[in-house]
Amino acid sequence: MPIVKVNNLVKRYGSILAVDNLCLSIEKGETFGLVGPNCAGKSTTIKMLVGLLKPDRGEIFINGIDIVQNHKEIKRNIGLVPQDVAIYENMSARENIEFFGSLYGLYGKNLKEMASEALEFSGLYEKQNERPKKFSGGMKRRLNIACSIVHKPQILIMDEPTVGIDAQSRNHILSSVKELGKSGTTVIYTSHYMEEVESLCTRIGIVDFGRIIAIGNKNELKNLIDSEEIVAMELDNTSDFRLDELSSLDEVSSAVLHGNQLQIVTSNSHGILQDIIEIILRQDKKIININLNTPSLENVFLKLTGRNLRD
Amino acid sequence: MRFYYIALKEIKSFIKNPYIIPPLLIVHFLQFVISINVFNNFVGESTITKNTFATIEIINKNNNTNIVIFYGAFILTQLLALSSIIVAAYITSEWENKTYDRILVSPLSIFQINIGIFSGYITLMIIISALFMFLISVLYGFDWGGAYFNIFIITVSLSFVCVTFAMLISNIFKQTKIVASIATFTVVAFIFLSGGLFAGAVFNKISRYTLIRWAFDAYISVIEGKPLGSVSINLINILLTGIIFMAIYIMITRKGDR
Ligand SMILES: Nc1ncnc2c1ncn2[C@@H]1O[C@H](COP(=O)(O)OP(=O)(O)OP(=O)(O)O)[C@@H](O)[C@H]1O
Ligand SMILES: [Mg+2]
């Protein structure tokens, strides 16, 4: 049984169709990425999942239970990291976490311990008594996450948790999401950064205009486009270089030289990179630079919609 | 009982902000002292004008209420009314900061959340009024007459209206700046019309329709030692207003997505 099941979800804001017959099924323990451009309807979908918005049409089942029927039981198992940082500026980091924890029925020593865990998890333990007023954007984002994981939810829904922050905080957040995924938490992660979703998620749904236009793991998605890759190399010199040795490799469709630049087009760069390097070394050439151009999910989006994910 | 955490949080964040309660108390204490002085030094001794007749009239109605009791009661009422502006701004800012969404996502029901906010701010208003009462009795020797239970009942009723008013307008207008200006305009207009600022010398007729007047008349009566029954009409009016506010609030929140 999928832990999250969404059938034909529809939501309109006046004349704007924000979510259009969206269907989704997420298994327990997955880290599911929901990726799409601005205004694709990601946040709207998430707000309906957590019960902040009522769908115009469609059904949402969490753990097999219709959320309309049994809201309370379900809400206990969900953590939401909202897109906008939602914390109390006039309360310390710990007070924020403890307040939200208390709403989930935690109290006393247990609450204190869970709050400490969340603080450590988000790397804010040293700053626990400081008010977020003084925090950097990245630290606020981390506190925003800590407030949603204090009760150890089964399902963690994160709405663009890394928007507009420094690289360090971003890496911290990404690795914590990985950690949560490993510990068995089902994570739903929205973003408009393909590379984030690509590195984090076991399965990805691409949303555009309120619909899922493609879904699958990253290889399945990449297979949607012709998956030619280009290996570009710079060699120290290319005199007497025997290109035919490379061209004759099974999965190489072409190999050309432009001065010291070698370009190999292949359908499986990972599989044959070793062979390519060995051939070059056997011919006593030095490799100065290697560049691997694999198709990215950005290319998938471009192919499917004719637009770039971000302008 | 988890709504208790919401109530506690509201109270804490209000109390911890040094720019709210202390200035509120100081300003009202000063207003109290200055009003009495002005009345005694100028109005009391000046040639009797039409206005002061009205003053004497209203004060006579309250069984020879002295001006000190009058201003004590009025300024206590005004303090609570003005606090409701700050409460409204606080509630709205919680929506703007999206922290309210976070509370809505938790397993608490809307009812528990509302009760939490509601009880938190009512408690806060009771605390503020108690502090003010304490302040003027210690610094000025104001005599509250000992009927603390009756005073408490009036304070609770008045706080009930103030908080439902705050919740209602923050729900209708949804933006801190708009809510704060509308609340300020409404509250100040009613304080003005209640005639309390002029010791009842003006607006004597209109003031009978203002909630502020119902409240401070009730305070005056119980401070003077009259039973709660003698102000039952005032209390019923106050509570009814609160219930109407609350009913509209519930109607609005039922309809919306939140
Ligand atoms: N409260 C609202 N009132 C009216 N329209 C809205 C509201 N919220 C969202 N919309 C519209 O619904 C559509 C989907 O918005 P949504 O916020 O779900 O997109 P998103 O995928 O989360 O985008 P972003 O990446 O910018 O967060 C947009 O066209 C947006 O303008
Ligand atoms: Mg969004």
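Residues numbered from 1 in each chain as written. Chains lettered and ligands numbered in written order. Predicted model: local features only at pLDDT ≥ 70, side-chain atom pairs only at ≥ 80, totals over all residues. Heavy atoms only, no water.

A. The arrangement of the overall build of chain A in detail. On a plain count of helices and strands, chain A comes out with eleven helices and 14 strands. The principal-axis extent of the C-alpha atoms belonging to chain A is close to 75 × 45 × 35 Å. For chain A, the residues scored as buried account for 51% of the 311 residues in total. Restricting the contact set of chain A to residue pairs at least 6 apart, pairs at least 24 apart contribute 69%. Accessible surface computed for chain A: about 14,400 Å², of which carbon and sulfur atoms make up 48%. Where the 36 positive side-chain charges of chain A centre and where its 40 negative ones centre are 10 Å apart. (Helix = DSSP H or I, 4+ residues; strand = E, 2+ residues; numbered from the N terminus. Buried < 20%, exposed > 50% of the residue type's maximum accessible area, 1.4 Å probe, protein only. Contact = heavy atoms within 4.5 Å. Areas by Shrake-Rupley, 256 points an atom, 1.4 Å probe, with all protein chains shown as cover. Lys, Arg positive; Asp, Glu negative; His and termini not counted. Charge placed at Lys NZ, Arg CZ, Asp CG, Glu CD.)

B. Region of the structure containing the interface of chain B and chain A. If you look at the interface, chain B gives 24 residues, while chain A gives 31 residues. There are two salt bridges connecting chain B and chain A. The partner of B:Lys16 in a salt bridge is A:Glu95, and the shortest N-O contact between them spans 3.1 Å. Our count for the chain B to chain A interface comes out at ten residue pairs in polar contact (both at pLDDT 80 or more). For the side of chain B that touches chain A, the elements supplying multiple residues, two or more each, are helix H1 (3–16), helix H4 (67–96) and helix H5 (99–105) of chain B. At six residues, H5(B) tops the list of elements feeding residues into the side of chain B that touches chain A. (Salt bridge = Lys/Arg side-chain N within 4 Å of Asp/Glu carboxyl O. Polar contact = N/O pair within 3.5 Å; in protein donor to acceptor, adjacent residues only side chain to side chain.)

C. The arrangement of the site of ligand 1 in detail. Residue and element names in this part refer to chain A. In the vicinity of ligand 1, 14 residues are found, and the nearest of them are Asn-38, Lys-42, Ser-43, Thr-44 and Glu-160. Interatomic distance of 2.7 Å between a side-chain N/O atom of Ser-43 and an oxygen atom of ligand 1. When residues of the shell around ligand 1 are traced back to their parent elements, those giving at least two are strand E2 (16–26) and helix H1 (42–49). Take the shell around ligand 1: its biggest share by element is three residues, from H1. When its residues are assigned to classes, the shell around ligand 1 shows six nonpolar, six polar and two charged. (Near = heavy atom within 4 Å. Nonpolar A, V, L, I, M, F, W, Y, C, P; charged D, E, K, R; others polar.)

D. Spotlight on the domain arrangement of chain A. Per the domain assignment, the segments making up chain A are domain 1 (4–222) and domain 2 (227–294). Averaged C-alpha coordinates put domain 1 of chain A and domain 2 of chain A at centres separated by 43 Å. (Domains from an automatic or database assignment.)

E. How the structure looks around the sheet that holds strand E10 (residues 211–216) of chain A. Residue and element names in this part refer to chain A. Strand order in the open sheet made by the six strands is E6-E7-E8-E3-E9-E10, with mixed pairing throughout. In this open sheet, the two edge strands, each paired with only one partner strand, are strand E6 (78–81) and E10. With direction set aside, neighbouring strand axes in the sheet form an average angle of 15°. Alignment of strand E3 (residues 31–35) against strand E8 (residues 186–191), held across five bridges, turns out to be parallel. (Pairing = 2+ DSSP bridges. Axes fitted to C-alpha atoms, helices over the stretch in contact; angles between N-to-C directions.)

F. Focus on the coordination of the magnesium ion (ligand 2). The coordination sphere of the magnesium ion (ligand 2), as far as protein atoms go, consists of A:Ser43 (OG) and A:Gln83 (OE1), spread over 1.8 to 2.1 Å. With A:Ser43 in helix H1 and A:Gln83 in the loop between E6 and helix H3 (93–103), this residue pair connects regions lying 40 residues apart in the sequence. (Donors = N, O, S within 2.8 Å, 3.2 Å for Na, K, Ca; no water.)

G. A look at a nonpolar patch on the surface. Taken together, the side chains of B:Ile26, B:Leu30, B:Ile34 and B:Val38 make up a nonpolar region of the molecular surface, amounting to roughly 350 Å² of accessible area. B:Leu30 sits in the partly exposed class, given a relative accessible area of 44%. (Patch = residues over 30% accessible without salt bridge, like charges linked within 9 Å, V, L, I, M, F, W, Y side chains within 5 Å.)

H. Region of the structure containing unusual backbone geometry. Residues and elements named next belong to chain A. Not every positive phi belongs to a glycine, and Asn-8 is a case in point at roughly 45°. The exposure class of Asn-8 is partly exposed, given its relative accessible area of 37%. For Asn-21, which is not glycine, the phi dihedral falls at a positive 55°. When you line up the elements, Asn-21 lands in strand E2. For Asn-21, a relative accessible area of 30% gives the class partly exposed.

I. Molecular detail of the sheet that holds strand E5 (residues 65–66) of chain A. All names here are of chain A. What the four strands build is an open sheet, ordered E2-E1-E4-E5; its pairing is antiparallel. Edge positions in the open sheet fall to E2 and E5, since each of these has one partner strand only. Its contacts with the sheet place H1 against strand E1 (4–13), E2 and strand E4 (57–62), and it is angled at close to 120° to E1.

J. H4(B), seen in detail. Residue and element names in this part refer to chain B. Taking 1.5 Å per residue as the helical rise, H4 with its 30 residues ought to reach 44 Å, and the 44 Å between its terminal C-alpha atoms agrees with that figure. Most of H4 is tucked away: 26 of the 30 residues are buried. The residue sitting at the N-terminus of H4 and contributing the capping side-chain oxygen is Asn-66; that oxygen lies 2.8 Å from the backbone nitrogen of Val-68. Count one or two residues on from H4 and you reach Lys-98, which has phi positive near 70°. (Expected span 1.5 Å × (residues − 1).)

K. Representation of the packing of H4(B) against helix H6 (residues 110–139) of chain B within the structure. Residue and element names in this part refer to chain B. Where H4 meets H6, the axes come as close as 10 Å, and the angle between the chain directions of the two elements is 145°. H4 and H6 meet at a crossing whose hand is right-handed. Here H4 contributes Gly-72, Ile-75, Leu-76, Leu-79, Leu-80, Ser-83, Ser-84, Val-87, Tyr-90 and Ile-91 to the contact with H6, which in turn contributes Ile-117, Tyr-121, Met-125, Ile-128, Ser-129, Phe-132, Met-133 and Ile-136. Tallied by class, residues from the contact of H4 with H6 come to 14 nonpolar, four polar and no charged. (Left-handed = near helix turned anticlockwise from the far one by under 90°.)

L. Highlighting H6(B). The terminal C-alpha atoms of H6(B) lie 43 Å apart, and with 30 residues this matches the ideal 44 Å at 1.5 Å per residue to within 8%. A positive phi of about 75° marks B:Gly141, the residue just after H6(B).

M. Structural detail: the environment of B:Ile178. Residues and elements named next belong to chain B. Assignment of secondary structure puts Ile-178 in helix H8 (residues 176–193). Ile-178 gets classed as partly exposed once you look at its relative accessible area, which sits at 34%. Sequence separation between Ile-178 and Thr-92 is 86 residues, and the spatial gap between their C-alpha atoms is 9.7 Å.

N. How the structure looks around the state of the cysteines. Within this structure, the stated rule accounts for zero disulfides over all chains. Cysteine A:Cys23 remains unbridged, with the sulfur of A:Cys201 as its closest cysteine sulfur at 20 Å. (Disulfide = S-S within 2.5 Å.)

O. View of the side chain of A:Thr190. Residue and element names in this part refer to chain A. Within the fold, Thr-190 resides in strand E8. Classification of Thr-190 as buried rests on a relative accessible area of 0%. A polar contact is formed between the side chain of Thr-190 and the backbone nitrogen of Glu-160, at a distance of 3.1 Å. Apart from the residues within four sequence positions on either side, Thr-190 is in contact with Leu-34, Lys-42, Ile-46, Met-158, Asp-159, Glu-160 and Pro-161.

P. Here's a closer look at the pattern of salt bridges. Residue and element names in this part refer to chain A. Under the definition given, this model contains 21 salt bridges over all chains. In this structure, Glu-195 engages Arg-170 in a salt bridge whose closest nitrogen and oxygen atoms are separated by 4.0 Å. Highlighted residues: Glu-195 in helix H7 (residues 194–200) and Arg-170 in helix H6 (residues 167–182), separated in sequence by 25 residues. The exposure class assigned to Glu-195 is partly exposed, which follows from its relative accessible area of 40%. One connected set of salt bridges, linked through shared partners, spans Arg-94, Glu-98 and Lys-112.

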